[in-house]
Amino acid sequence: VQKAKEALSKGFGKAEGAARIHRYILERLYTFEWPAPKPAQDYIDAVLAGPHLYTTAGGSLYCFQKKNGKILWEQDLEAAELSQPGLYEDKLVTVAAKGKAFFLNRLNGDILHSWYVRGGSYSDPVLDGRRIYILSNAARLYAFEFRQSP
């Protein structure tokens, strides 16, 4: 950060890995490329939860450590075009365009359950408290609710 501040104060405008935005200095912490198997149009928005960042690409769900970009786990769901993951406590949900909703443990990526969604879905799951809503491509609205097991 000090090098970036010095470069900016000398009038260079921007320094390696830093830029001036009004009165702030924006420093790039890292850029991490991982060997995802699909082209860029298959990447979905990331979701942040505590020290982790989750995203889907190429039919897989990834968990990154947000402080350094290290991959903590990858779960191959064998489903092209996955939605942005939704979060509920220690669970993740993502929906495949071709027909399945996947519920996973967000700490280790284990699949807890999968559910057939008629027509698949191109929309992201919507979470409201303990409820998850999924709009399918077959004009169906699915609603799930997390409850404690007896």
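Throughout what follows, the structure given in this document is the object of discussion. Given the structure is predicted, the values throughout are model-derived calculations rather than measurements.

**Looking at the side chain of Ser136**
Turning to its location among the elements, Ser136 is positioned in the loop between β13 (131–135) and β14 (141–145). Given the relative accessible area of 6%, Ser136 is considered buried. A polar side-chain atom of Ser136 sits 3.2 Å from the main-chain carbonyl oxygen of Arg118. If we ignore the near neighbours within four places in the chain, the residues touching Ser136 are Val117, Arg118, Gly120, Ser121 and Tyr142.

**Concerning the pattern of salt bridges**
In the structure shown here, the tally under the stated rule is 2 salt bridges. As a salt-bridge pair, Lys91 and Asp90 come within 2.8 Å of each other at their nearest N and O atoms. Among the ionic pairs, Glu145 bridges to Arg131, the shortest N-O distance being 3.0 Å. Taken together, the residues span a long stretch of sequence, with Glu145 in strand β14 and Arg131 in strand β13 at a distance of 14 residues. Judged by its relative accessible area of 28%, Glu145 falls in the partly exposed class. By relative accessible area, Arg131 is classed as partly exposed at 38%.

Criteria and cut-off values
Residues numbered from 1 in each chain as written. Predicted model: local features only at pLDDT ≥ 70, side-chain atom pairs only at ≥ 80, totals over all residues. Heavy atoms only, no water. Helix = DSSP H or I, 4+ residues; strand = E, 2+ residues; numbered from the N terminus. Buried < 20%, exposed > 50% of the residue type's maximum accessible area, 1.4 Å probe, protein only. Polar contact = N/O pair within 3.5 Å; in protein donor to acceptor, adjacent residues only side chain to side chain. Contact = heavy atoms within 4.5 Å. Salt bridge = Lys/Arg side-chain N within 4 Å of Asp/Glu carboxyl O.

None of the figures reported here should be taken as evidence of function without further support.
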